[in-house]
Amino acid sequence: MDPRLIQTAVLGDPESDEPVFCPEDPEELKAFRLEHAGNTWWCGINLPGGCGRRLTTKLCTDKICHFAHVPDPHGHSDSRLPCIRRVRGKKEDADHLFIKADIGRWLRQQNIEADLAFPDPFRSAVTARFADGRLLVVHLDTVRPPAWDNEDVWEHILGPGCQISRDVLTQRGYVYRIRMEGQSDRGRRFTVAGVEMAGAAHTRWFDLANLKVTPDGINTVDEAHPLRPAQVPVANIKQPDPHPTVGLMPSNTEVPSPRELRHLAARRLDHAIYEESPARVKSAMLNMEHVIANDDLKDDELAALKAAHGRGQRWLDKRARLRSTVIAQLQERVDARRDPAGLARQAWDLVGEEDATDEDRAKVTAIQHQMQRMVDERREAEARQEAEADQAAREAMRRAAKERRLALDQETARKDQEARTARLKSLVLPVRGGLKRAAANGEMRTWQELQHKTGARGLKGLSYEEQVHLLVMVGQKTPADEPLWSVLLIAHGDQEALAMHRAVAAQLGRDVAEKDLELIAQLAAQRAELHRIHR
C-alpha cells in the first residue's frame, strides 16, 4: 500500500471519533458512497497528524481508492493545523477509534452502559467506566506496560502489539487481548479478541462477541465461571474455539434485524478471507447470493452485498492466480534443479483446497514425482561419489603402502650396501699387503690362497661383484705407470678372470686389449713388471 494515500477518516465533523475506512476496490467504494450519501468525511483531529479539513473519496483504477482533501478554492482553510497524514498516514492510524467503537458496540450488545474515553497520553488506551464504577482499560501503548497493580482498574485488555512479561503472565494465569482483523464492508475495520494463557504456545483468537462481562470479570460465552488464576488452574482453563459460530451473533437475546443479518453475512465473508478458507468464502458467497435473490433490499444494501460478493470472488480469483503462480515457480525451480524452498509445501496446501482444479492437482503431483526422481538421482549420485571416494581412498592407501615398502626396501638396500662397502674397505689393506708379498716373492695368488695367507676371513664367500669392487678399492692408489695389483689374482687366463680384469680396469680408467689372447699377453707382461718392481 502507498502510505501517502489517506485511507481513514472520521464521520460528521472534525472532532468526531467515529472512524471510517475507505474501501480500496472501486466497486466497494461505490457501495460505500451509497451507504454514506448523507454523511461527510473529515481529516479528524483525533487522527494522528489530522488537520480538521473536509475529505472526499477518490475512485481509482490504477491505484487503490482513497480519501483526498477537498480543494480550497480561496487558497485558505478554516483549520490552522498542518496536515501531515499524507506523509505518515496509514490505515492503522485510526485503530484506536475503531477499537473504541467496537468496545462500545460490544458493551451495548450486553446492555451495559459505560462512558468511553481516551486518557492521556492520547492513543495510549481506551477506558470504559461502567455505571457501577468499574473501570475497564484497553491498553494500547506498545512501549509502556499497563499498571497491573493499579487498584482503580477492574480489568485490563491488551491491544495490538502490547507485550506482557512472563512473570506477570504466570502470576495472572491469563490475559485478554484484542487486535484489528483487516477490513470489513462499508468502510469499517473490526476487532477480534483472544486469550493468552501461561504455558500456552499461542494466543487463541475468536470473535469479540464471544466475550461477556460478568460481575466477577470478563469471561468467554461458553465458560460457566470467570477465568481467575486464583480459582482455576491454568491447565484446566478451557481454550476458546478459534472458529466460533455463535460468536458472530450478538450476545443478547434480541433477534437481529435483516439489515444486521446482511451485515453479519458480509462479516462472515471477511472472517473466511482472513482465515484464508476458500470453502468458507464460497459458503458465505452462496449465502449472499440467496439474500440478494430473495430479500427486498434497499439500493445501498444491495450495493453493499454485491460489493462484498465481488470482494469474495476477487479473493478466490486472486487465490487461483496465486496457485498458478506458485505451481509455475515451483516447476521452474524443479526444472532448473534448484531448491524449491517452501514452494513445494505451499503448492501442496493450495491444491488441497476445495476450489483447486484437477489440472492443478495433477501438475503438483507430477512435480512431486519429478522432485522424488531428483532426490533418488541425487542419492544415487551421492552413493556413487561415496563409493568412488572410498575406492580412491583405498587406492591411495595401497599406493602409500607400496611407497612405504619401496622406501623401506631402498633404505634396507642402502644400509646393506653401506655395510658391504664398509666390510670391503676393511679388506683393502690385508689384500694389498698380501699381493705385495706375492709380488716380492715372484708369485701369483688365488682368492683361496690370499685368504689363507692374510688370514682375512671376509674374503671367503665374496660374490663376483664384491670381488670387482674390492679390487677397484685396492688399485685406486696405484700409480698410473704401474700395473694394477689385480693382475696377480686374475692372470690365469680363464674367461671369468679376463672379464673381472676388464671390469676393474674400466672403473679405474685403464686401457686393456680387446682380444683375449692379447689381454692374456698383456697380463703376463704386467705380472712380470710387478715382480721386477717389488723384488
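None of the values given here were measured: they were computed from a predicted structure.

Peer 1: Honestly, helix H11 (residues 464-475) in this entry has me stumped. Any pointers?
Peer 2: Since the α-helix packs 3.6 residues into each turn, any two residues three or four apart lie on the same face. With twelve residues, H11 extends 17 Å from end C-alpha to end C-alpha; this agrees with the ideal 16 Å at 1.5 Å per step. Burial runs high along H11: nine of the twelve residues are buried. When H11 is considered as a whole, its buried residues turn out to be Glu 466, Gln 467, Val 468, Leu 470, Leu 471, Val 472, Met 473, Val 474 and Gly 475. Buried residues along H11 sit against helix H9 (358-440), helix H10 (447-454) and helix H12 (495-508).

Peer 1: When you look at the pattern of salt bridges in this model, what are you seeing that I'm missing?
Peer 2: As a working rule, side chains carrying opposite charge can pair if their charged atoms are close by. Counting across every chain of the model gives 26 salt bridges. Of the charged contacts in the structure, one is a salt bridge between Arg 361 and Asp 358, with a shortest N-O distance of 3.3 Å. Of the two residues, Arg 361 and Asp 358 both sit in helix H9, three residues apart, roughly one turn of that helix. The salt bridge partner of Arg 414 is Glu 411, with a shortest N-O separation of 2.3 Å. Linking Arg 414 with Glu 411, this pair stays in helix H9, spanning three residues, or about one helical turn. Under the relative-accessibility criterion, Arg 414 is labelled partly exposed at 38%.

Peer 1: Quick question: what am I supposed to make of the packing of aromatic side chains here?
Peer 2: The way to describe two aromatic rings as a pair is by their centre distance and the angle between their planes. In the structure shown here, the tally under the stated rule is six aromatic pairs. The interplanar angle of 15° and the centroid separation of 5.5 Å between the aromatic rings of Phe 32 and Trp 41 together place this pair among those described as stacked. For Phe 32, a relative accessible area of 1% corresponds to the buried category. We classify Trp 41 as buried; its relative accessible area is 9%. Ring plane angle 50° and centroid distance 5.9 Å describe the contact between Trp 41 and Phe 67, whose orientation is recorded as tilted. Here Phe 67 lies in strand S5 (residues 66-69) and Trp 41 lies in strand S3 (residues 41-42), a separation of 26 residues in the sequence.

Each value, and the rule that gives it
- Residues numbered from 1 in each chain as written.
- Predicted model: local features only at pLDDT ≥ 70, side-chain atom pairs only at ≥ 80, totals over all residues.
- Heavy atoms only, no water.
- Helix = DSSP H or I, 4+ residues; strand = E, 2+ residues; numbered from the N terminus.
- Expected span 1.5 Å × (residues − 1).
- Buried < 20%, exposed > 50% of the residue type's maximum accessible area, 1.4 Å probe, protein only.
- Contact = heavy atoms within 4.5 Å.
- Salt bridge = Lys/Arg side-chain N within 4 Å of Asp/Glu carboxyl O.
- Phe/Tyr/Trp six-rings, centres within 6.5 Å; stacked < 30°, edge-to-face > 60°.

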